[in-house]
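Here is what each chain is made of, one letter per residue.
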Amino acid sequence: MKKILAQANKEWMQLRRDRLLLALGVLMPLVLLFLYGTSQSLQLRNVPVAAYDYDNSVLSRAYIETYGAAITFRLVPHDPQKSPESTLLYGDARAVLIIPANFDRDVRRGSHPRVQLLIDGTDANTGTVLKNMARSLNASFLKKNNLTQPSPVLVRLEPRLWFNPGLSNAIYFGTGALAMVLALFPALLGALSVAREYELGNIIQAYASSLSGFQWIVGKSIPYIILGFVELVICFALGMLIFDYHIPTDPSVLLVATFFYLVAGIFYGMLFGNATGTQSAAIQGVQMGAFLLALLLSGYLFPVRNIPDSFRWISYTLPATHYIVVVRNCLLRDAEWNIMLRPITALAVLSAIFFALNMLQVRKMQFKG
Amino acid sequence: MSDFLRRYWALTVKEVQQLMRNRGLLIQLLIPPTVVLIVFGYALNPEVRHLRMGVVDQSMTPQSRAFVDSLTENESFDVSQRFLSAKDAEAALNRLQLEMFIVIPTQFARDLRAGQPANLQLVIDAVDANTAQISRGYMQQGMMWALSHYNSWNGLDPLVRPGAVSIDSTVLYNPGLVTPWYYVTGIMAVLMFINGSLVASALAVKEKETGTIEQLLMTPAQTAEMLLAKTTPVFVLLMLVLMLALTVSVLVFDLPFRGSFVLFVVSGMFAALAGIGIGVTLATVSKSQQQAQLLTFFVNPPLTLLSGMGSPIDNMPWYFQKISIVNPLRYLVQIIRGVTIKDMPFNALWPDLAALVAFSIILFAISAWRFRKQ
């Protein structure tokens, strides 16, 4: 125990001397939390659409106005010399609405005019959404202009969205952001502290001392766990200001989950530090695992459920996936222990696995040394 | 001039030799792009399938069962559990065993027969707001479908009046709406920047840390030559990474290449320069390799998030849209998408290319200036 504390103390001294590191440790999480929490959006908004009105009648303008009124679209002017295709090709608009000549006359005399919407399919998701949106805007135009009989509503759906009724971006991404921020820093520090020992050659001293691998690993991680909790407090305070965080009725769930999450992150980072022995490679490992993989596969941006079965196991090996579940449930519905047991167990198991891998590496090294 | 070339060549050879000895660096530069591209290309999918739905059928009639059947006909919803009361379903939702449940009231069949609208309650767990939003949309579509079925059973025709307008949506460039194309092109660009800045900052500080920088300063080489020689091998490697990423995307995901290859290569070169410039600049302001890498590590997430690689820039709050104007990565993403998925002509892409060139020159100039100052 004493040895562990001594190792922790040494680590802390090293950390404290690095002013830049500490400044980054306090400032960057705040900036990143803000960025992660506010830059992404669930709803598609302000998609630039150009309207080519070859009819120029009251009715055709009314049709275009349904697009102007929808929050999804933003009407943009276009060069009348350019063809609709080239407007799309040049990227001036992401969709082009074309209203044929004689639109108004055709409506009045009972033939069925066809309006065309050209969609830029570069972003396939947006393309799908725009396609559906066009259909419902068309339906609303028909209804407004009395071109359709009110269909007898046979079944009326009453959707209730529990826990986030407004589907608020701030709540959704704000909670995910906490997990993203806490994934980055502890993992990074762990990776750096280990890799540095290898680069400077100090690791030999650790081997030569009476310190066991277990004591070395645990001692090294303690200061970073504490730092992680400090980060949690700072980020939580910011979250209460801008993302409507509130302290859950049973904070122990969140605290225990955070503990395992931090531990898993630090051990994951140390794993890379041990394996590569160079700081730049360790950072890149963390960059891939804790940033890119976590950003895209943890459920922060895209639901984990969407990922095909053959790739979903990757999500489940990321601590961030489980931690996001805990954070969202704790902050939105005050989840209690019995419900959150599964993700927390997963976090504990993951940290145990990362720890065991660290032990294995250290043992192998010591034998070699 | 020949002196310059001679010195430049000698320094470059030295850098290449140093780099070749650093196997780890080579591996970390070349392997991740391939793996990352394939994983993300396959894994990112907007379709939600097999959502766990609970059913509280209080009506217990052929009509209600037919209705549930028609909802679950596609793969979006699975009826995972049936409940006798809404209370039980609520409890299951709270235990995370369900994503949603529907409540079919007792008078469902009676209302239908009487020609009155029957009410259905749908409760969705919106803790994961993204899934909730998608499943609500699916449910509404499923309802429309079930409704049209019901109408055709009863001999009711679609209710359009003469003169009704219809809409034809045509998707250009990607008519099959293949999702991976969007992500692989975005990730390709991100990899150039992340790798470029990380490796360059590592290399630039290394001399300072090992103390060999004094030896370098004593040689007749100018700082500009030193910097050029230092970045040449990294630059070549980055271009290799870009070609590798493009090959993987084309072979694995059938990414089309419709535009100008020259434009692709040229913008890739300037992006590599910009990435290296960021790395070297950050390296010169920091004292150790660790600090340099940390700084790059924190510069990269904002660059990535505000580049439009994952979600469109139009969709961001206005202040982020303004900030993204000074993000060089944004322009690379636009150009790569413009020449692969679309066939954007040069006079549509030149503003992006000009911005990229400007940024790379500015960043590289700053890095040269900072490099000289030390």
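These figures come from a predicted structure and were not determined experimentally.

In this section: the overall build of chain A. Helix and strand content of chain A: 14 helices and five strands. Relative to its length of 369 residues, chain A is extended, with a C-alpha radius of gyration of 28 Å against a globular reference of 21 Å. Reported as C-alpha extents along the three principal axes, the dimensions of chain A are approximately 95 × 45 × 40 Å. In chain A, which comprises 369 residues, the proportion classed as buried is 59%. Contacts in chain A between residues at least 24 apart in sequence constitute 78% of all its contacts with a sequence separation of at least 6.

Under the domain assignment, chain A is made up of domain 1 (2–40 + 169–368) and domain 2 (47–144). Computed from C-alpha atoms alone, the centre-to-centre distance between domain 1 of chain A and domain 2 of chain A is 48 Å.

With respect to the helices, strands and loops of the structure, D125 of chain B is situated in strand β4 (residues 118–125). When its relative accessible area of 13% is taken as the criterion, D125 of chain B is described as buried. A polar contact of 2.7 Å, which involves the side chain of D125 of chain B, links it to the side chain of R333 of chain A. At a separation of 3.0 Å, a polar atom in the side chain of D125 of chain B contacts the main-chain amide nitrogen of V127 of chain B. Look past the residues within four positions of D125 of chain B in its chain and what remains in contact with it is W162, F163 and R333 of chain A together with L93, L96, E99 and A132 of chain B.

Pairing is mixed across the open sheet formed by five strands, whose spatial order is β2(A)-β1(A)-β3(A)-β4(A)-β5(B). One side of each edge strand has no neighbouring strand; the edge strands of this open sheet are β2 (73–75) of chain A together with β5 (166–172) of chain B. Between one strand axis and the next, the sheet turns through 25° on average, direction left out of account. Here four bridges tie strand β3 (residues 95–99) of chain A to strand β4 (residues 114–120) of chain A, and the two strands are oriented antiparallel to one another. Bridge pairing in β4 of chain A links I98 of chain A to Q116 of chain A.

Take the interface of chain B and chain A next. Accessible area lost upon the coming together of the parts serves often as the stated size of an interface. Listed per partner, the contact involves 111 residues of chain B and 113 residues of chain A. Of the roughly 10,400 Å² buried where chain B meets chain A, counting both sides, 63% is carbon and sulfur surface. Where chain B meets chain A, there are five salt bridges. A salt bridge links D314 of chain B to R94 of chain A; the nearest nitrogen and oxygen atoms lie 2.7 Å apart. Taken together, the connections running from chain B to chain A amount to 22 residue pairs in polar contact (both at pLDDT 80 or more). With 14 residues, the top contributor of residues to the side of chain B that touches chain A is helix α6 (residues 129–153) of chain B. For the side of chain B that touches chain A, a count of residues per class yields 67 nonpolar, 29 polar and 15 charged.

This next bit is on the pattern of salt bridges. A complete count under the given rule lists ten salt bridges over all chains for this structure. Between R74 of chain A and D314 of chain B there is a salt bridge, and its shortest N-O distance comes to 4.0 Å. Residue R74 of chain A is located in strand β2, and its partner D314 of chain B is located in the loop between α11 (289–305) and α12 (318–323); the two belong to separate chains. Residue class for R74 of chain A comes out partly exposed when judged on its relative accessible area of 36%.

Residue and element names in this part refer to chain B. As for its placement among the helices and strands, S64 is situated in helix α3 (residues 62–71). A polar contact is formed between the side chain of S64 and the backbone oxygen of T61, at a distance of 2.9 Å. Setting aside chain neighbours within four positions, we find S64 in contact with D57, S59, I104 and F108.

Let us look at helix α9 (residues 213–242) of chain A. All names here are of chain A. For α9, spanning 30 residues, the distance from its first C-alpha to its last is 43 Å, which sits close to the expected 44 Å at 1.5 Å a residue. Along α9, the sharpest change in direction is near 30° and occurs at I222; proline P223 comes one to four residues later. Looking one or two residues past α9, D244 carries a phi angle of roughly 60°, positive in sign.

Our focus in this paragraph is the sheet that holds strand β2 (residues 77–83) of chain B. What the five strands build is an open sheet, ordered β5(A)-β4(B)-β3(B)-β1(B)-β2(B); its pairing is mixed. Because the sheet does not close on itself, it has two edges, and the strands there are β5 (155–162) of chain A together with β2 of chain B. Strand-to-strand, the axes of this sheet are offset by a mean angle of 25°, without reference to chain direction. Running at roughly 175° to strand β3 (residues 100–104) of chain B, helix α4 (residues 86–94) of chain B makes contact with β5 of chain A together with β1 (51–57), β2, β3 and β4 of chain B of the sheet.

In this section: the packing of aromatic side chains. Residue and element names in this part refer to chain A. Scanning all chains against the criterion turns up 31 aromatic pairs over all chains. Each ring, one from Y63 and one from F103, has its centre 5.9 Å from the other, and the planes form 75°; the classification is edge-to-face. Taken together, the residues span a long stretch of sequence, with Y63 in helix α3 (residues 58–69) and F103 in helix α5 (residues 103–108) at a distance of 40 residues. Of the two residues, Y63 and F103, neither departs from the other in class, the shared state being buried.

Right, let's talk about empty space enclosed by the protein for a bit. Following the criterion strictly, the structure yields four cavities of 30 Å³ or more and no others. Lining the largest cavity are Q40, L295 and L301 of chain A together with T304, L305, G308, M309, G310, S311 and M316 of chain B. Here the residues of the lining of the largest cavity are counted per class, giving five nonpolar, five polar and no charged.

A grouping of V349, I353, L357 and L360 of chain A is seen on the molecular surface, where their side chains present a nonpolar patch of about 350 Å² in accessible area. Relative to the helices and strands, L357 of chain A is located in helix α14 (residues 337–368).

The next subject is the nonpolar core. Core analysis: the biggest nonpolar cluster contains 205 residues, and Y36 and Y323 of chain A have the highest contact counts within it. If we ignore the near neighbours within four places in the chain, the residues touching Y36 of chain A are F173, A177, M180, V181, L184, F291, L295 and Y300 of chain A together with P301 and L305 of chain B. Counting residues in hydrophobic clusters, the runner-up holds 30 residues, among them A124, L130, A134 and L142 of chain A.

When pLDDT is averaged along chain A, the result is 84; 97% of the residues meet or exceed 70. Ranking the elements of chain A by mean pLDDT puts helix α8 (residues 203–208) of chain A last, at 73, and β3 of chain A first, at 93.

All names here are of chain B. Its 20 residues give helix α1 (residues 2–21) an end-to-end C-alpha distance of 29 Å, which sits within 8% of 28 Å, the value for a rise of 1.5 Å per residue. Taken together, the buried positions of α1 are occupied by Y8, L11, T12, E15 and L19. Down the axis of α1, the buried set is contained in an arc of 110°. They therefore lie on one face. Facing away from the buried side of α1 by more than 90 degrees, the exposed set consists of S2, R6, W9, M20 and R21.

Criteria and thresholds
- Residues numbered from 1 in each chain as written.
- Chains lettered and ligands numbered in written order.
- Predicted model: local features only at pLDDT ≥ 70, side-chain atom pairs only at ≥ 80, totals over all residues.
- Heavy atoms only, no water.
- Helix = DSSP H or I, 4+ residues; strand = E, 2+ residues; numbered from the N terminus.
- Rg over C-alpha atoms; globule rule 2.2 N^0.38 Å.
- Buried < 20%, exposed > 50% of the residue type's maximum accessible area, 1.4 Å probe, protein only.
- Contact = heavy atoms within 4.5 Å.
- Domains from an automatic or database assignment.
- Polar contact = N/O pair within 3.5 Å; in protein donor to acceptor, adjacent residues only side chain to side chain.
- Pairing = 2+ DSSP bridges.
- Axes fitted to C-alpha atoms, helices over the stretch in contact; angles between N-to-C directions.
- Buried area = accessible area lost by both parts, 1.4 Å probe.
- Salt bridge = Lys/Arg side-chain N within 4 Å of Asp/Glu carboxyl O.
- Nonpolar A, V, L, I, M, F, W, Y, C, P; charged D, E, K, R; others polar.
- Expected span 1.5 Å × (residues − 1).
- Bend = angle between axes of the 7 residues up to and from the residue.
- Phe/Tyr/Trp six-rings, centres within 6.5 Å; stacked < 30°, edge-to-face > 60°.
- 1 Å grid on protein atoms, 1.4 Å probe; cavity = no way out; pocket = protein on both sides within 12 Å on 5 of 7 lines; lining within 4 Å.
- Points joined across faces, edges and corners; volume = space filled by probe spheres on them.
- Patch = residues over 30% accessible without salt bridge, like charges linked within 9 Å, V, L, I, M, F, W, Y side chains within 5 Å.
- Areas by Shrake-Rupley, 256 points an atom, 1.4 Å probe, with all protein chains shown as cover.
- Core = buried A, V, L, I, M, F, W, Y, C linked by side-chain atoms within 4.5 Å.
- pLDDT = per-residue confidence, 0-100.
- Arc of directions from axis to C-beta.

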